[in-house]
Amino acid sequence: MLEIALALIVFLFPLAYSPGPGNMVFAANGARFGLRATLPANVGYHIATWVVTAGIGLGFVAALDMAPRLFAVLKIAGALYVLWLAFGLIRAGTLTSAPAPRPASFADGAVLLILNPKAYVIIALMFTQFLDPADPLPVIVLITTVFTLNNLLAFLTWTVVGDRLARRFRGPASARILNLTFGAILAGVAIWMLLA
């Protein structure tokens, strides 16, 4: 089991720490609201990660195979959700009548995972590489837990990076530039999700 866990961490490292939809959302929220305010969304995302990963390990992939359009729907819905988050950042502070921006919530974090088809691909790939068919249940729990904890560390890292960047951009004009930058990055990620 230790060998599987170590191999899984090596496999996941570049996937978890490279810029992707989840990492960019948490970096942007960290920049805008700070680390502490992003914790509910982080918890929501990672509880959803554990549940979805375990579900895939227990056979959700077969359900996606039976309903291939479900993947396409998730892909489009996920991209649109990330785009919606991007526009929220881009608009932050531009309209005086606009509601005050709020940090992503527990539900936002869970929805972000559920509508992230990249996560489903990585999860399915993990199980094809590391699942032991002779004794699947303990390995499913191990893979699910290692994957979730590894993602949690990656997202916390990206959140802290965003938070640190924001501390360097304290003034209103600088904060506006940071919001526009992260909003544009998220919009780019959403477009990439639609085209990938």
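Structural data are supplied above this passage.
Residues numbered from 1 in each chain as written. Predicted model: local features only at pLDDT ≥ 70, side-chain atom pairs only at ≥ 80, totals over all residues. Heavy atoms only, no water.

S.K.: Please set out the overall build of the protein residue by residue, giving values where relevant.
M.R.: Looking only at helices and strands, one finds eight helices and zero strands in the protein. Going from the N terminus to the C terminus, the protein shows its helices and strands as α-α-α-α-α-α-α-α. For the protein, the residues scored as buried account for 43% of the 196 residues in total. Taking the contacts inside the protein whose residues are at least 6 apart along the sequence as the reference set, 85% of them involve residues at least 24 apart. As presented, the protein carries roughly 10100 Å² of accessible surface, and 74% of it is formed by carbon and sulfur atoms. (Helix = DSSP H or I, 4+ residues; strand = E, 2+ residues; numbered from the N terminus. Buried < 20%, exposed > 50% of the residue type's maximum accessible area, 1.4 Å probe, protein only. Contact = heavy atoms within 4.5 Å. Areas by Shrake-Rupley, 256 points an atom, 1.4 Å probe, with all protein chains shown as cover.)

S.K.: Could you give an account of the packing of aromatic side chains, with specific residues and numbers?
M.R.: On inspection of all chains with the given rule, the structure shows five aromatic pairs. When the centroid spacing of 5.4 Å and the interplanar angle of 65 degrees are considered together, the rings of Phe11 and Phe130 count as edge-to-face. In this pair, Phe11 sits in helix H1 (residues 2–17) while Phe130 sits in helix H6 (residues 117–130), placing the two residues 119 residues apart along the sequence. Residue class for Phe11 comes out partly exposed when judged on its relative accessible area of 22%. Judged by its relative accessible area of 15%, Phe130 is buried. Aromatic pair Tyr45 and Phe155: ring centres 4.7 Å apart, planes at 50 degrees, arrangement tilted. In this pair, Tyr45 sits in helix H3 (residues 35–66) while Phe155 sits in helix H7 (residues 136–168), placing the two residues 110 residues apart along the sequence. Taken together, the ring pairs connect Phe26, Tyr45 and Phe155 into an aromatic cluster. (Phe/Tyr/Trp six-rings, centres within 6.5 Å; stacked < 30°, edge-to-face > 60°.)

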